[in-house]
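Survey of secondary and tertiary structure
In case you want the letters, here they are:
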Amino acid sequence: MSVSTAALDPSVCAPLPVLGQDVTVPLVTGGEVTYAALDYAASAPALQRVWDDVAAYAPYYGSVHRGAGYLSQLSTDLFENSRRTVAEFLGCRPEDQVVFTRSTTDSLNLLAAAIPANCQVFVYETEHHASLLPWRDAQVTYLNAPRTPGQAVETLERALADRDPYGPALVCVTGASNVTGELWPVRELAAAAHAHGARIVLDAAQLAPHHPVDIAELDVDWVAFSGHKLYAPFGSGVLAGRADWLQAAEPYLAGGGASRKVARRADGGVDVDWHTTAARHEAGSPNVIGVYSIASACKALTEAGFDNLVAREQELVSRVREGLAEVPEVQVLSLFGDDAPRVGVISFVVRGWNSSHFAAALSAEYGIGVRDGLFCAHPLVRTLLGSDPQDPGECGAPEAEPGERSLNAIRVSFGAGTPDEHIDRFLRAVTELVREGAQWKYRTEDGRCVPDRGEAPRV
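Counting restarts for each chain: residues are numbered from 1 in the order of the written sequence. Note on the predicted model: pLDDT of at least 70 is required for a residue's local features to be given, and 80 or more for side-chain atom pairs to be given and counted; whole-chain, interface and lining totals, by contrast, use all residues. As a rule here, side-chain values cover all heavy atoms of the structure and leave hydrogens and water aside.

Another aspect to go through is helix α1 (residues 48–57). Each α-helix turn comprises 3.6 residues. Residues three or four places apart therefore point the same way. Partly exposed residues are those whose accessible area sits between 20% and 50% of the maximum for their type, while under 20% is buried and over 50% is exposed, using a 1.4 Å probe and protein chains only. The helix and strand labels rest on DSSP assignments: H or I over at least four residues marks a helix, E over at least two residues marks a strand, and numbering proceeds from the N terminus. Burial in α1 covers these residues: V50, D53, V54 and Y57. Down the axis, α1 shows its buried residues gathered within 95° of arc, on one side only. In the core, the buried residues of α1 are packed alongside α2 (70–89) and α9 (288–304). The arc refers to the directions leading from the helix axis to the C-beta atoms. By the convention used here, residues are in contact when the closest approach between their heavy atoms is within 4.5 Å.

This is the structure:
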């Protein structure tokens, strides 16, 4: 998977308008500043285009699929057209299904519930917990963190060669790390999986917002991603790909919408004829607005020119990495090395700083929102920090005082809506904090580092 770095036309590469771009926040040192949202990897701000589309539809909201009224029919058409839009965005094959879920986590748990009995699952320890943990009823092989893309493929090939060759198998892999932003060799891993009779699901939660994803081109069996990382709010997600395992499995949720026919038996029981379409796993009233918002985001990214968006983001990635490299105390975390292609997700630690303290100072003194902790990828972050990946860890800050070293990291992430000023302010803030220290005193409260409002600023 390559990342374009072609020359850009500034007229088509401006940041996309997003909600909240003019929001101001107070600084602990006094005054206000426009908020710099640099936590896209957790939840990206909604595109203004998405919000406008949803607002235009909202007065026409109606029940989906079984309503006879005009608004119900309109909403049903919108829902199913959104499914087609997402399928086109993902390059789905004609026989693929697009199932709407609540999130990437929900999508992968759905697939985990649908895998055949005795399925062997292969997962790298580097995965986000959403793809590391759902396989509780399967025989799971956890693969050690590779240090090169080639090693990732070799590790998988060795593991698959040792498996039972007659049973079903599934490989789960991320497209872009939520910790390092590094791109994984998805096409090569898919080829290795298929060569050994296994299937592969791609966790595209961090890839889809930053880079085109084409199921057919990558030759993966399924793709999962979340709307809230794709500039779409409202808690919706997608599982797209092969239909056979999904059609053969019991519905993920039993209820209305998943069933075609329900009848009482003479013995008092119930016979159910389940749908074989995507509706089989979409029981209940669907999140129409969430689904529409995903489709709107897919259209917006496509129409803006994804290649241009990718190229601009790569310029921002280069600026951040070059700026951090000028601060010797900063260590950027990486699996595959400095030359590895990556999206706009960068994690780092600062020598002499507790990561929670540093993130709190970025927020309180500069109006910059980043993430600190283990990023729901505990084994990976432990490995990158040189500690035992089997050590227990908690999401969020540890009980450590400001200035003490902590076994967690700081993550800055950005994307299609990030203005240059946010990147400039972030790099200036990192340099000033490292060289001059924080302007305010901080304390630990409920596991978080916060400004001590009862203390005077540091002089």
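Definitions used throughout: a 1 Å grid over protein atoms alone; a cavity as a set of points that fits a 1.4 Å probe which cannot get out; a pocket as an open set with protein on both sides within 12 Å along at least five of seven lines; a lining residue as one with an atom within 4 Å of a point. Grid points are joined across faces, edges and corners, and a volume is the space filled by probe spheres set on the points. By volume, the largest pocket amounts to about 380 Å³. Along the walls of the largest pocket sit 29 residues, with H128, N178, K229, F375 and C376 positioned nearest its centre. It is strand β16 (residues 371–373) that contributes the most residues to the lining of the largest pocket, three residues altogether. The classification used treats Ala, Val, Leu, Ile, Met, Phe, Trp, Tyr, Cys and Pro as nonpolar, Asp, Glu, Lys and Arg as charged, and all other residues, Gly among them, as polar. Residues of the lining of the largest pocket, tallied by class, amount to nine nonpolar, 13 polar and seven charged. The calculated volume of the second largest pocket comes to roughly 280 Å³. Lining the second largest pocket are 17 residues, with F100, T101, R102, D106 and A283 sitting closest to its centre.

With that out of the way, let us pick up the packing of helix α10 (residues 306–325) against helix α13 (residues 420–436). Relative orientation of the contacting elements α10 and α13 amounts to 10°, with a least axis distance of 10 Å. With respect to α13, the element α10 is oriented roughly parallel. Residues R312, L316, R319, V320, G323 and L324 of α10 lie in contact with α13, whose contacting residues are D420, I423, D424, F426, L427 and V430. Each residue belonging to the contact of α10 with α13 can be placed in one class, and the counts come to seven nonpolar, one polar and four charged. Axes here mean lines fitted to C-alpha atoms, for a helix over just the part in contact, with angles spanning 0 to 180 degrees between N-to-C directions. Roughly parallel refers to an angle under 35 degrees, roughly antiparallel to one over 145, roughly perpendicular to one between 65 and 115, and oblique to any angle outside these ranges.

With respect to topology, four strands assemble into an open sheet ordered β13-β14-β17-β16, the strand pairing being antiparallel. Looking at strand neighbours, the two that pair on one side only are β13 (330–332) and β16, the edges of this open sheet. Each adjacent strand pair in this sheet contributes to an overall mean axis angle of 30°, direction not counted. Examined bridge by bridge, strand β14 (residues 345–350) and strand β17 (residues 409–413) share four bridges and lie antiparallel to one another. Whether two strands pair depends on DSSP finding at least two bridges between them.

Right, let's talk about the nonpolar core for a bit. For our purposes a nonpolar core is just a set of buried Ala, Val, Leu, Ile, Met, Phe, Trp, Tyr and Cys residues, chained together by side-chain atoms within 4.5 Å. The biggest cluster of nonpolar side chains holds 83 residues, and the ones touching the most others in it are L90 and F225. By residue number, the principal contributor to this core is α9, which donates eight residues. Not counting residues up to four positions away in its chain, the partners in contact with L90 are V213, D214, I215, V223, F225, V238 and A240. By size, the runner-up hydrophobic cluster in this structure holds 36 residues, among which are L316, W353, L427 and A438.

The subject of this paragraph is the pattern of salt bridges. In the sections that follow, a salt bridge refers to a side-chain nitrogen of Lys or Arg positioned within 4 Å of a carboxyl oxygen of Asp or Glu. One pass over the structure, following the stated rule, counts 25 salt bridges. Taking the shortest distance from any N to any O, the salt bridge between D39 and R411 comes out at 3.6 Å. Linking D39 in the loop between β3 (36–37) and α1 with R411 in strand β17, this pair joins segments that are 372 residues apart in sequence. The pair formed by D39 and R411 is uniform in burial state, with each residue classed as buried. Across the pair D244 and R242 runs a salt bridge, and its minimum N-O distance is 3.4 Å. Residues joined by salt bridges that share partners form a network here, namely R199, D221, R242 and D244.

We now examine the sheet that holds strand β7 (residues 169–174). Taken together, the seven strands give an open sheet; going across it, the order is β4-β10-β9-β8-β7-β5-β6, and neighbouring strands pair in mixed fashion. Looking at which strands have only one partner, the edges of the open sheet turn out to be β4 (97–101) and β6 (139–143). For this sheet the average axis-to-axis angle between neighbouring strands, irrespective of direction, equals 20°. Pairing of strand β5 (residues 120–124) with β6, which is carried by five bridges, proceeds in the parallel orientation. Looking at the pairing, Q120 lines up with Q139 of β6. Sitting on the sheet, helix α5 (residues 149–161) touches β5, β6 and β7, and the angle it makes with β5 is about 160°. Against the sheet, helix α6 (residues 186–195) contacts β5, β7 and β8 (199–203), and its axis sits at roughly 155° relative to β8.

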